[in-house]
Each structure stands twice: as structure tokens, then as C-alpha cells.
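Coordinates in review
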Amino acid sequence: MLEIKNLVVQIEDNRILNGLNLTVKDGEVAAIMGPNGSGKSTLSYVIAGKEDYEVLEGEILLDGQNLLEMAPDERAAAGVFLAFQYPLEIPGVGTMTFLKACLNAQRKARGEAELSTPDFIRAVNGAADKLEINKEMLKRALNVGFSGGEKKRMEILQMALLQPKFCVLDETDSGLDIDALRIVSEGVNALRAEGRSFLVITHYQRLLNHIVPDVVHVMSKGQIVKSGGKELALELEASGYAEYRTGEAA
Amino acid sequence: MADVKNLRTGAETGLSALFEAGRKSFATEEAIGREEAFRFFEATGLPSRRVEAFKYTDLRAAITDAAPPAEAPSAEAARKAVAAAKGFAAIEAARLTFVNGHLIRALSDLSGLPEGVTVTPINDAMGKGDARLKRLAPVEQARENAIYQLNTAFLADGALITVAPGAKPDLPLHLRFVATGTEAFSTATRVLVDLGEGAEVTILESHEGPDGIAYQPNDALDVRIGKGGVFRHARTNREGNAAVALSTISVRLDDDAQLETVAVVTGAVLSRHQIFLNIAGEGTNVVVNGAAMLRDGQLADSTLLADHAAVGGVGREQFKTVIDGNATGVFQGKIIVRQAAQQTDGKMKSDCLLLTDEGQMMNKPELEIFADDVACGHGATCGAPDEDLLFYLMARGLPRPLAQSLLVQAFLGEAIESVSHEGARAALIGEIEAWLAARG
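Reading guide: rules and limits
- Residues numbered from 1 in each chain as written.
- Chains lettered and ligands numbered in written order.
- Predicted model: local features only at pLDDT ≥ 70, side-chain atom pairs only at ≥ 80, totals over all residues.
- Pairing = 2+ DSSP bridges.
- Helix = DSSP H or I, 4+ residues; strand = E, 2+ residues; numbered from the N terminus.
- Axes fitted to C-alpha atoms, helices over the stretch in contact; angles between N-to-C directions.
- Contact = placed C-beta atoms within 7 Å.
- UniProt positions renumbered as here; feature names shortened; annotations may be inferred.
- Nonpolar A, V, L, I, M, F, W, Y, C, P; charged D, E, K, R; others polar.
- Buried ≥ 20, exposed ≤ 12 C-beta atoms within 10 Å, placed from the backbone.
- Expected span 1.5 Å × (residues − 1).
- pLDDT = per-residue confidence, 0-100.

Residues and elements named next belong to chain A. Strand order in the open sheet formed by 6 strands is E6-E9-E10-E3-E11-E12, with mixed pairing between adjacent strands. Since the sheet does not close on itself, it has two edges, and those belong to strand E6 (80-83) and strand E12 (223-228), each with one partner. In this sheet, adjacent strand axes meet at a mean angle of 20° when their direction is disregarded. The sheet contact formed by E6 and strand E9 (residues 166-170) spans 4 bridges and is parallel. By the bridge assignment, Leu82 is partnered in E9 with Val168. Along the sheet, helix H6 (residues 148-162) contacts E6 and E9; its crossing angle with E6, the most-contacted strand, is approximately 165°.

Following the UniProt record, one finds the feature "domain: SUF system FeS cluster assembly SufBD core" (unreviewed entry) at residues 183-411 of chain B. Between the first and last C-alpha atoms of residues 183-411 of chain B the distance is 37 Å; the span itself is 9% helix and 59% strand.

The feature "domain: SUF system FeS cluster assembly SufBD N-terminal" (unreviewed entry), as annotated in UniProt, sits at residues 33-173 of chain B in this numbering. Secondary structure across residues 33-173 of chain B divides into 33% helix and 15% strand, with the first and last C-alpha atoms of the span separated by 28 Å.

Taken together, the contact pairs 16 residues of chain B with 20 residues of chain A. Looking at the side of chain B that touches chain A, the elements with two or more residues in it are helix H9 (387-394) and helix H10 (400-416) of chain B. Looking at which element gives the most residues to the side of chain B that touches chain A, the answer is H10(B), with 6 residues. Classifying every residue of the side of chain B that touches chain A gives 11 nonpolar, 2 polar and 3 charged.

A separate point is the pairing of strand E4 (residues 157-163) of chain B. Residue and element names in this part refer to chain B. Summarising burial for E4: 6 of the 7 residues are buried, a large majority. Note: E4 against strand E6 (residues 186-195), 7 bridges, orientation parallel. Looking at the pairing, Asp157 lines up with Thr189 of E6.

Residue and element names in this part refer to chain A. Across the sheet, 4 strands lie side by side as E2-E1-E4-E5; this open sheet has antiparallel pairing. Either end of the sheet is taken by a strand with one partner, and the two such strands are strand E2 (14-24) and strand E5 (65-66). Here strand E4 (residues 54-62) pairs with E5 via 2 bridges, running antiparallel. Paired with Leu61 across the two strands is Asn66, which belongs to E5. The strands that helix H1 (residues 40-48) touches are strand E1 (2-11), E2 and E4; relative to E2, the one it contacts most, it runs at about 70°.

As a further point, take H10(B). Its 17 residues place the ends of H10(B) 24 Å apart at the C-alpha level, agreeing with the 24 Å of an ideal helix rising 1.5 Å per residue. Turning to H10(B), its buried residues are Ala403(B), Gln404(B), Ser405(B), Leu406(B), Leu407(B), Val408(B), Phe411(B), Leu412(B), Gly413(B), Ala415(B) and Ile416(B).

As a further point, take the confidence of the model for chain B. For chain B, the mean per-residue pLDDT works out to 94, and 98% of the residues sit at or above 70. Overall fold confidence (pTM) sits at 0.88, and the ipTM for the predicted complex is 0.94.

Turning our attention to the confidence of the model for chain A. The share of residues in chain A with pLDDT of 70 or more is 98%, and the mean pLDDT across the chain is 90. When pLDDT is averaged over each helix and strand of chain A, the minimum, 77, is found for helix H10 (residues 242-245) of chain A and the maximum, 96, for E6(A).

Moving on, we come to the environment of Asp173(A). All names here are of chain A. Of note, Asp173 is situated in the loop between E9 and helix H7 (178-191). For Asp173 and Val184, which are 11 residues apart along the polypeptide, the C-alpha to C-alpha distance reads 8.4 Å. Apart from the residues lying within four places of it in its own chain, the contact partners of Asp173 are Leu181, Thr202, Tyr204, Arg206 and Leu207.

Following this line, the structure appears as C-alpha cells:
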């Protein structure tokens, strides 16, 4: 599914990723854990195509397609989805308008017909019910005045609607209370399927109690330094990141 | 000391010649003070950038020729031009149609007006020395303004609209201004609205005309809102791309009167749209919004003066400008709070979104406050679309131009949200979408 080879990335002369290698298999849920400043969020942005980062070396292949040659919208149409750590508020853009524009832009890019309005509304309502999203929220401007938990649920709603192939969850658990964590995790678990993989970035093991990973990778200083099964997350929870932190500034 | 006098420009000399030549054909001028207005104008001439109020919009440099007043169009030409007009066309309304500044009675609903509304063509009113013309005197500062003086001097047509006390017509009135022709011309129209006590009305106003013709419309709207009256107004300015469009709105508000006005400007190579408010009554509520979308070479000037003379007025003024290419936006907003106008609550804001590096925006906010118990503020922002927001939208699959369009719509939408009439609001959003679509 996703293959990252020798990825070297810098931002304003600061090298963040130092020859990172990572493979996520078809249908796999891979967790990435690591201390602050290890480059986890950078990795998620580089996969999604944020312009601020300079890729010096390496490639990111999604089913053989080099994502680095594609604009963010092309990556989205190819099946990449980034659930943002801090979803942005967009005053003046209605949530439904936004959802419909995104869905139809992706369908158009893939040569599919636009969804009819009744089909679209049915799809949104179905997904919203599962995520316990109040219909009133859908009438408001995107993320404006939403709580942290509501914003994260809205990210998962978008994921459910857009049906991506490769989902990156960037610290989706941050800012969530226990109930919201359960709802969001159930939303993600419902999307686990053959042909869809997840990269779950988190500081804490607790998210992985809800979204049980197939593989856990430890990231430090811009590289994957250790990989293992789900038990690796528990080990980290017990021992902390001290052994991976050596030589790091933050 | 030697008498220093500005040399008159060709346009100014031309305007004098046109005024003299037209004198015979003008309708009775007494009621509006045509002669006096022109003499005032002649003494100062077209305002240049040396005049503070025209610092960014130099009419002396922009108007190089005095375009002759437009003749009344043939019935056929008028019918054809109106058939192609788009502004607010889909909205059910009673219409007054002006083609090249002439009221076309055959294309107006003069007899099918909503109950409580009467319309008198202004030439009929002037001919009869209608007393209402005096009652509807413009705000003092408008009377001293060169654009308004020219409008008065060359006034060719217009209408006097009365809304009876307490009347609340269901249908809006649509003032439809359409220009047509192949050579430069000028127009001067005035619409006067007298809103009785407790009356409520919605006036829609659309301006459109051909590209490539240097026509010069100069339109005035004088409004008096009686006690507790509500005047709602929405305007689109989609003049042709070579037009120099000038307009003046002058409103006097009595006690508890409410004003809601919004203008969406996309047309004309140069435009100056000015609003003068005389807040004479207590407890008034004013919303003045504007949205301008400009591209290569255009200059659009929105100038506002809100003169608070009575207690407890609330004012919200919000202007939004989107600039693409080397266009220029101008916003001048002045709030005066006289000593008597305690507890005035005024907020004025101008925001600009620059889509390229070549555009420029001039903001000149002014507060003149003589009362001590007031809350007044102004703000101005200017910047490019937020890259983080663009990335968020693109990461969801929207190509960059589409993502940018969505942000532009959202930005301008704030100025339009206040429009009460649903159809008008949708039509104004349509104007924004059309501008964005033409941008590609």
C-alpha cells in the first residue's frame, strides 16, 4: 500500500526527517509513537503534500504512485486522507457546502459522476449518526465554534464520506475526553477494511486500546528506530521514551 | 496678491458648454437648485487628489472628456437592452426601468405598484413644483460634494417614491438601470424615497452596461426614513469595463429608523460610490455593507460618512474588497459623533483580500467624536488568502483554484449575510460566483 524510502525533509534549514523508511501493508493499521519533536507531524504533512516542507531525498509510493509528484488535491483523489491534529475553522464556508465540494471534486478527479443531493444528504446523515454528530453542527460554518472533540469527530465524518485508501491520523486523540475518544475510535474501527490502511500517530498508548494496531513503530530524530507488535506500545507506556531521546533538543 | 486659479481642464470646459447648451431642455430647475449646484461645481472643478476626500480617486485625471448627456433611447433599443439585463432579474418585484438614464415608462410597473407605494416620475414632480422635493433635501455633506453637484446640474430623469405611513409592501421595488450604445455618453438620475412613519420597504438596484464604451453614469438616491421606518436596499454595480461610474446615496433617519444597505461592485474601470448618512433621530440602527471584486486596472472607491447627531444610534459598517491583478481598492469611512449623540455605538471595518502581488488597497478610516459616552471603533486588514486554510481544503480534494474561490466566497459572504431579502441575497452570491467563474 504505502512505501516510504529514504525520506529526507527539511523546513527552513532544519532537517526533520533523516532517511525515514516505512512500509504500511494493505489493510494494516500501523501506529507511530515517539517523543515530541521526533518528526511525526512532519511525516503526516509531507504525506498529505503541505508546501512548507522541502523534500531533499526519497520517495513516497502509494500503490506504486509517487505522491511527491502530486499536488495535495491529487493525493486526496488518489486516496490519501489526513485527519488533522488541529482541524481549521473556516468562517463563511458551510459544513455541508464544504463536504459536498470535497466529495464531488474527488469524484470528478477520478472520473466518477457527482453524487445527487439526496444521495449526498443520506450519506452525510448516516455517517453523522454513527459519530453522534448533532445535525445542527452540520448547518454551521466548518468547525467554527466547534469544541475540540466536535472538530475531531468532523474529521472522522469526512474520512467516512470520502472513503480514502490511506488514512493518516495525526494525534487524533489529543483534546478528546473519554467518551469522545471512544466515539472517534469506533468511527475509525468501522472503516477498517481490506484495501484501506491507517497510519495512527500518537503520543499515548491509550488510543491504541481503542484502535488496536497491527504494527507499532517508534520514531526518533526523523527515523523509524524500532518496530514491533501492539505490545511495543505497552512497553513504551511503562518505560517512556528516554532511551530514544538521546541527543535530541526537545 | 495675485489671484491663483487652476487651469480648467478640457473636461471642465466641456461640462460648462454642455450645461449652457442643455439649459433650454432642462425641466423646471427651481426645486432642485440646478443652477446653484453647477455654479458651485464650476468654482472648484473636478476634484483632484489635492482634495482630501478624493485623495485616492482623482476625477480630474480620470475624466478627460465631458461626455454628452444621453438621448432617450428608441423603444426598440430600450426593449432589447432590458431583455438582456440580468441584475435581480429573477426576483418578483415592481420595476422602474431606466435606459441610459431615462425612465422608460413602457418597461416600468408604474400602475402595478404594491399598496401604499406611489411613484411620480421626477420630471413630472419638478414640473409641478412638488413640495416633497424640498422635504427630501440631501444630507448637507452630499450637497457640497462635486459628484452630487454634477448630478443635480445635469439631472435628466428619476422618480419620487412615497411609501405611506405603516405600509409594508410585500414586493420589493427594483430600480433597473441599463446602459446601451456604441459611443460615450453621460447620465444623471435621481430617485427620491420618502418612507412614512413605521413604513418598511425593500429597494433593489441594479446597474449594467456594455463593455468597451466610456459612458459616465452619475446616479443619486436620496432617502428619508420616517420614525420607526425600515429601509432595506441592495445594489449590484456591473457597469461595462470602460465606464466611469459615480453614485451618491444620501439618507436621513428619524427616530428609531432602520437602514440596511449593501452594494456589490464588480463593474466600471473607475467607480466612486458614496454614502452620506444624517442620523438625526434617536435610537436608530444602521447596517452599511459593501463588497467589491476588482481585476486588472480597475479602481473602486467606497466612501462613507455617518454623521451621528442624536442619542443611541447603532452603526455597523463592513466593507470587503477582493483584488485580482493590478487593481486598486479604496475605502474611506468617516464617523462623526456630535456632542448630542451620546451612547452612539459605531463599528466600521474594511477588509481586503489580495489574490496577487500587484494589487493595492487604500484605507482611510476617520473618527470625529465630540460626545464622551460612546463606543466607536474602526479596523482595517489586508492580506493574501491563508495558506494553511488552502492546504486544508486541498487536502480534502479541492484543486487550488476551487479552494481559493471557496475562501473568497466565505470572505465576501460576511458582507452579504445581513441582506434580509432572501432572493436578493442569493442574487448577490450569484454575482460573486459569476466573478469567480470568469476569473477561471
